[in-house]
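Geometric and topological summary
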Amino acid sequence: MTWLTIYLLNLLWAMAGTQSSCSVPSEEQPWVDGIQVLMENSVTKSAFANPSILIAMNLAGTYNPETQKLLTYELMDSDSADLTIGQLALTIMALTSSCRDPGNKVSVLQNQMKNWAPSRRGESEVRAFYGPSLAILALCQKNSETTLPIAVSFAKILMANSSPFNVDTGAVATLALTCMYNRIPVGSNENYRALFAQALKSIVENISSRIQANGIIGDIYSTGLAMQALSVTPEQPTNKWDCEKTMATILDEIKEGKFQNPMSIAQILPSLKGKTYLDVPQVTCGPDHDVQPTLIDYPTTVPTASNDITVTYTINNQLRGVDLLFNVTIEVSVKRGSVLLVILEEAQRKNSMFKFETTMTSWGLMVTSINNIAENANHKTWWEFLSNKTPLNEGVSYYIPFDHEHITANFTQY
Ligand code: B12
Ligand SMILES: *[C@@H]1O[C@H](CO)[C@@H](O)[C@H](O)[C@H]1NC(C)=O
Ligand SMILES: *[C@@H]1O[C@H](CO)[C@@H](O)[C@H](O)[C@H]1NC(C)=O
Ligand SMILES: *[C@@H]1O[C@H](CO)[C@@H](O)[C@H](O)[C@H]1NC(C)=O
């Protein structure tokens, strides 16, 4: 064999890897097309320009080139100064996936990351690493050489962190460090490769410890990112991951209507198409699909005899340092099938103590203030929503309460 063949074989092996991958059975494909169309149709001129949606569209191959263009232009016009580190990173990847030059956004992000350090070393909550992980990923794809020192310090800080593990964050960190590991510049210190491998090993073990019997990794909304992570990492977990089982359960959840939020679709779609964020630099921007997908009609929930439900709603603030403590409960009746937001509005109408404020985000409306007590990133405080004692896994504009449910909004700290 010539060196060239050996080289090519190695390259092939590296590309195929030992990685688990699995695909959606063709008879289930209409469900995947269905949520893709739902996601693409959520893009309008007035809506929040969401880079994650553009990334997912481009990785999957869009059905709607007009929407793709609109979103690309909106993101090109966005001002770096208005964006957080994570949003800037997603915007760079989104423009790259549309074969556009992100321009000075890359250097702005690079400068921000040079000064990045979590509030206090080793004490920062793991979720605070989500945005910086996206930043390392985006910068690695642009220039792994200049990103090396940033990524090295990031990996060290992450490994020294002792707060509870978070699957979403671990998944994005895995994508970022895998990118660095794969693109380590020639001639750089071999210890760096070992450092990235060690960090990846630790995170991947933590992710795999969150694989449930039904294949869900973390919760259903972290599974998409976790699938991406487990399918690219050079460090395989000791417990083997059954990709097919995960895929089957996710398809069941899609059929149950659990993926209606466009952002949840944007995070699951790449995995359903066998793609990951590491594929962003390789997207080819040729002609798109010209065949429209065959879609499935979701069974619309038939209203049942009793049309109203009653929900108990408690707002609770017991945090020290805030002079105004309260724990009040109200009962509200709303139409069956209403989202939680309607309960909050009804409670506010009945009693002004329940007044609240929201902010629009990529996941929909986030409740930022209740009874004049506002979340505060500096104090690490926020409003957590629970059903009895269990945290909700959706926000107020998507979660549908059931009859006699007890919802609590608890002011808490991370
Ligand atoms: C960090 C984080 C938080 C932080 C955000 C503040 C901070 N410290 O940065 C805190 C702890 C406050 C938080 C709260 C909640 N979160 Co949260 N969060 C995340 C996480 C891990 C990363 C988000 C991020 O940094 N994105 C990167 C930046 C670039 O994107 P961004 O759009 O600008 O990010 C903002 C929004 O994501 C927003 N946000 C965060 N969580 C949520 C949840 C909802 C419903 C909304 C509307 C907005 C929102 O805060 C981010 C920072 O401003 C994601 C994981 C994921 N897969 O996305 C989960 C995630 C988005 N959160 C989730 C949930 C369920 C919640 C809560 C509803 C939990 C609860 N039981 O109360 C609450 C929101 C309640 C409310 N008041 O309305 C789910 C959403 C699933 C869904 N289908 O809607 C996710 C996907 C986690 C998961 N796998 O289940 N979260
Ligand atoms: C993984 O989990 C272990 C045990 O909970 C923890 O000590 C370690 O810091 C975690 N690693 C990462 C990178 O989160
Ligand atoms: C708040 O009120 C609820 C019901 O009214 C009660 O069960 C709970 O113990 C109270 N919590 C605190 C911290 O006072
Ligand atoms: C509500 O928040 C307080 C303050 O963080 C916390 O001590 C308490 O355990 C929380 N209650 C629930 C039910 O999570």
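Thresholds applied
- Residues numbered from 1 in each chain as written.
- Chains lettered and ligands numbered in written order.
- Predicted model: local features only at pLDDT ≥ 70, side-chain atom pairs only at ≥ 80, totals over all residues.
- Heavy atoms only, no water.
- Helix = DSSP H or I, 4+ residues; strand = E, 2+ residues; numbered from the N terminus.
- Buried < 20%, exposed > 50% of the residue type's maximum accessible area, 1.4 Å probe, protein only.
- Areas by Shrake-Rupley, 256 points an atom, 1.4 Å probe, with all protein chains shown as cover.
- UniProt positions renumbered as here; feature names shortened; annotations may be inferred.
- Contact = heavy atoms within 4.5 Å.
- Near = heavy atom within 4 Å.
- Polar contact = N/O pair within 3.5 Å; in protein donor to acceptor, adjacent residues only side chain to side chain.
- Nonpolar A, V, L, I, M, F, W, Y, C, P; charged D, E, K, R; others polar.
- Expected span 1.5 Å × (residues − 1).
- Arc of directions from axis to C-beta.
- Pairing = 2+ DSSP bridges.
- Axes fitted to C-alpha atoms, helices over the stretch in contact; angles between N-to-C directions.
- Core = buried A, V, L, I, M, F, W, Y, C linked by side-chain atoms within 4.5 Å.
- Parallel < 35°, antiparallel > 145°, perpendicular 65-115°, else oblique.
- Left-handed = near helix turned anticlockwise from the far one by under 90°.
- Phe/Tyr/Trp six-rings, centres within 6.5 Å; stacked < 30°, edge-to-face > 60°.
- Lys NZ or Arg CZ within 6 Å of the ring centre and 35° of its normal.

This brings us to the overall build of the protein chain. A tally of helices and strands in the protein chain yields 14 helices and 8 strands. The 414 residues of the protein chain split such that 49% are buried. Of the roughly 20,500 Å² that the protein chain leaves accessible, carbon and sulfur atoms contribute 52%.

Another aspect to go through is the UniProt feature "binding site: cyanocob(III)alamin" (unreviewed entry) in the protein chain. The residues that UniProt annotates with the feature "binding site: cyanocob(III)alamin" (unreviewed entry) are Asp-168, Asp-219, Gln-267, Leu-392 and Tyr-414. Position of Asp-168 relative to the elements: it lies in helix α9 (residues 167-182). If near-sequence neighbours (up to four positions away) are discounted, Asp-168 is found in contact with Tyr-130, Tyr-221, Ser-222 and Leu-225. Mapped onto the fold, Asp-219 is located in the loop between α10 (190-208) and α11 (220-232). Overall, Asp-219 belongs to the partly exposed group, its relative accessible area being 30%.

Our focus in this paragraph is the environment of Lys-273. As for its position among the elements, Lys-273 is in the loop between α13 (262-272) and β1 (308-317). With 213 residues separating them in the primary sequence, Lys-273 and Ala-60 have C-alpha atoms 6.2 Å apart. Once residues lying within four places of it in the same chain are set aside, the contact partners of Lys-273 are Gln-29, Val-32, Asp-33, Gln-36 and Ala-60.

Attention shifts here to the site of ligand 2. Taken together, Asn-161, Phe-165, Ser-202, Ile-203 and Asn-206 form the complete shell of residues around ligand 2. Here Ser-202 contributes a side-chain N or O atom positioned 2.8 Å from a nitrogen atom of ligand 2. In this structure, an oxygen atom belonging to ligand 2 sits 2.4 Å away from a side-chain N or O atom of Asn-206. In isolation ligand 2 has 360 Å² of accessible area, and contact with the protein removes 54% of it. Within the shell around ligand 2, the residues separate by chemical class into 2 nonpolar, 3 polar and no charged.

Let us look at helix α4 (residues 65-77). Compared with an ideal rise of 1.5 Å per residue, which puts 13 residues at 18 Å, α4 spans 18 Å between its outermost C-alpha atoms and is within 8% of the ideal. Inspection of α4 places Thr-67, Gln-68, Leu-71, Thr-72 and Leu-75 among the buried residues, and these make up the whole buried set. Axial view of α4: buried residues confined to an arc of 135 degrees, hence all on one face. Residues of α4 that are exposed and angled more than 90 degrees away from the buried face: Glu-66 and Asp-77.

Before going further, it helps to examine the site of ligand 3. Neighbouring ligand 3 are the residues Gln-318, Asn-327 and Thr-329. Within the contact set of ligand 3, an oxygen atom lies 2.3 Å away from a side-chain nitrogen or oxygen of Asn-327. When ligand 3 sits alone it has 360 Å² of accessible area, and the protein chains cover 33% of it.

Next up on the list: the sheet that holds strand β5 (residues 373-374). One open sheet holds the 3 strands; their spatial order is β3-β4-β5, and the pairing between them is antiparallel. Two strands lie at the open edges of the sheet, namely β3 (356-361) and β5, each paired on one side alone. Of the pairings in the sheet, the one linking strand β4 (residues 364-370) to β5 comprises 2 bridges and is antiparallel in character. Of the residues in β5, the one forming a bridge with Ile-370 is Ile-373. Sitting on the sheet, helix α14 (residues 340-350) is in contact with β3 and β4, with an inclination near 150 degrees to β3.

With 7 of its 7 residues buried, strand β6 (residues 381-387) lies for the most part within the structure. Here β6 shows a buried face lined by Thr-381, Trp-383, Phe-385 and Ser-387 and a second buried face lined by Trp-382, Glu-384 and Leu-386. Two elements, β6 and strand β8 (residues 406-413), share 7 bridges in a ladder whose sense is antiparallel. Paired with Trp-382 across the strands is Thr-412, a residue of β8. Where β6 folds back onto strand β7 (residues 390-391) in an antiparallel hairpin, the turn is made up of 2 residues, including Asn-388, whose phi is positive at roughly 55 degrees.

Bringing the nonpolar core into the picture now. If you look at soluble globular proteins, the nonpolar side chains tend to sit buried side by side. Residues Leu-109, Met-113, Phe-196 and Leu-272 are the most contacted members of the largest nonpolar core, which totals 92 residues. With 10 residues, α9 is the largest single contributor of residues to this core. Residues Phe-354, Val-367, Phe-385 and Tyr-399 belong to the second largest nonpolar core, which totals 27 residues.

Moving on, we get to the packing of α11 against helix α12 (residues 243-255). To describe two helices that pack against each other, one gives the angle between their axes and the distance between the axes. The N-to-C vectors of α11 and α12 enclose an angle of 140 degrees; their axes lie 11 Å apart at closest approach. In terms of their interaxial angle, α11 and α12 are classed as oblique. Viewed along their axes, α11 and α12 form a crossing whose handedness is left-handed. From α11, Ile-220, Thr-223 and Met-227 reach across to α12, where they touch Cys-243, Thr-246, Met-247, Ile-250 and Glu-253.

We now examine the packing of aromatic side chains. Scanning the model with the defined rule gives 7 aromatic pairs in all. With 5.5 Å between their ring centres and 45 degrees between their planes, Tyr-313 and Phe-354 make a pair best called tilted. One end of the pair, Tyr-313, is in strand β1; the other, Phe-354, is in the loop between α14 and β3, and 41 residues separate them in sequence. When its relative accessible area of 0% is taken as the criterion, Tyr-313 is described as buried. An aromatic cluster is built from Trp-116, Phe-129 and Phe-154, whose rings are joined through pairwise contacts. Over the ring of Tyr-181 we find Arg-193; its NZ or CZ atom is 4.4 Å from the centre of that ring.

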